[in-house]
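# Structural description and commentary
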Amino acid sequence: FQRKQTDAALQQLKLINQGKNRYSGLLEAQIKLLDHQDDESMRLLEQLNRRYPGDPAIIQQTAENLLIQGKPAQALMLLRPYRLTEAAWLPLLQTRAEAESQSGRQINSHETMASYYEFRGHLTRALEQIQLALKLASPDSVAHARLEVQQKNLRERITQKRRES
């Protein structure tokens, strides 16, 4: 039954889009992944990445496919070159945090999620993530010192925001 649905979805997609574009390509890659055609899905995404380099949606789908396939290190390598500071890249912060978590880099994962929450304006949630990371960091490490600075800055911003309200 699932196979028939997948085939029907692919046929409809081909009818809708005679000339490929990035969105139909992404949809086709997702359908292939759902149908356990991991290699074919990745091949499609690699083609899309070459055709539309730097497209946030394609990069995110590729990274998520790699995570689903149990390849968090490859997902991190894909995401590493991008400065995830613009709204279009926001979903990639969550993907990066998941890749870091799956790679055993819990401190980095919490720090990345803190960036995600901070960017969205959820300073209290960002602070919670930094505090979780602090619990994991060795007290005499550079990471701990960096996290303490972030914690201090977030607390100051939260206090300032409350005063302004």
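Our subject is the structure listed above.
Before going into details, it helps to say that this report is about the structure given with it. (Residues numbered from 1 in each chain as written. Predicted model: local features only at pLDDT ≥ 70, side-chain atom pairs only at ≥ 80, totals over all residues. Heavy atoms only, no water.)

### Details of the environment of L44
Where we set the bar: A run of H or I in DSSP becomes a helix once it reaches four residues, and a run of E becomes a strand once it reaches two; helices and strands are each numbered from the N terminus. Burial classification: accessible surface area is computed with a 1.4 Å probe over protein chains only, and a residue below 20% of its type maximum counts as buried, one above 50% as exposed, and the rest as partly exposed.
Looking at the secondary structure, you find L44 in helix α3 (residues 38-51). According to the relative accessible area criterion, L44 is buried, its value standing at 6%. On a C-alpha basis, the gap between L44 and G25 in space is 7.0 Å, while along the polypeptide they are 19 residues apart.

### Re the side chain of H110
Put simply, the test is: A contact between two residues is defined here by any heavy atoms of the two lying within 4.5 Å.
Within the secondary structure layout, H110 lies in helix α7 (residues 106-120). Its relative accessible area of 17% is what places H110 among the buried residues. Once residues lying within four places of it in the same chain are set aside, the contact partners of H110 are Q129, L132, A133 and L136.

### Remarks on the environment of A133
Here A133 is to be found in helix α8 (residues 123-136). Residue classification places A133 among the buried residues on the basis of a relative accessible area of 0%. Measuring from C-alpha to C-alpha, the distance between A133 and E111 comes to 6.6 Å, with 22 residues separating the pair along the chain. With sequence-adjacent residues up to four places away left out, A133 is seen in contact with I107, H110 and L147.

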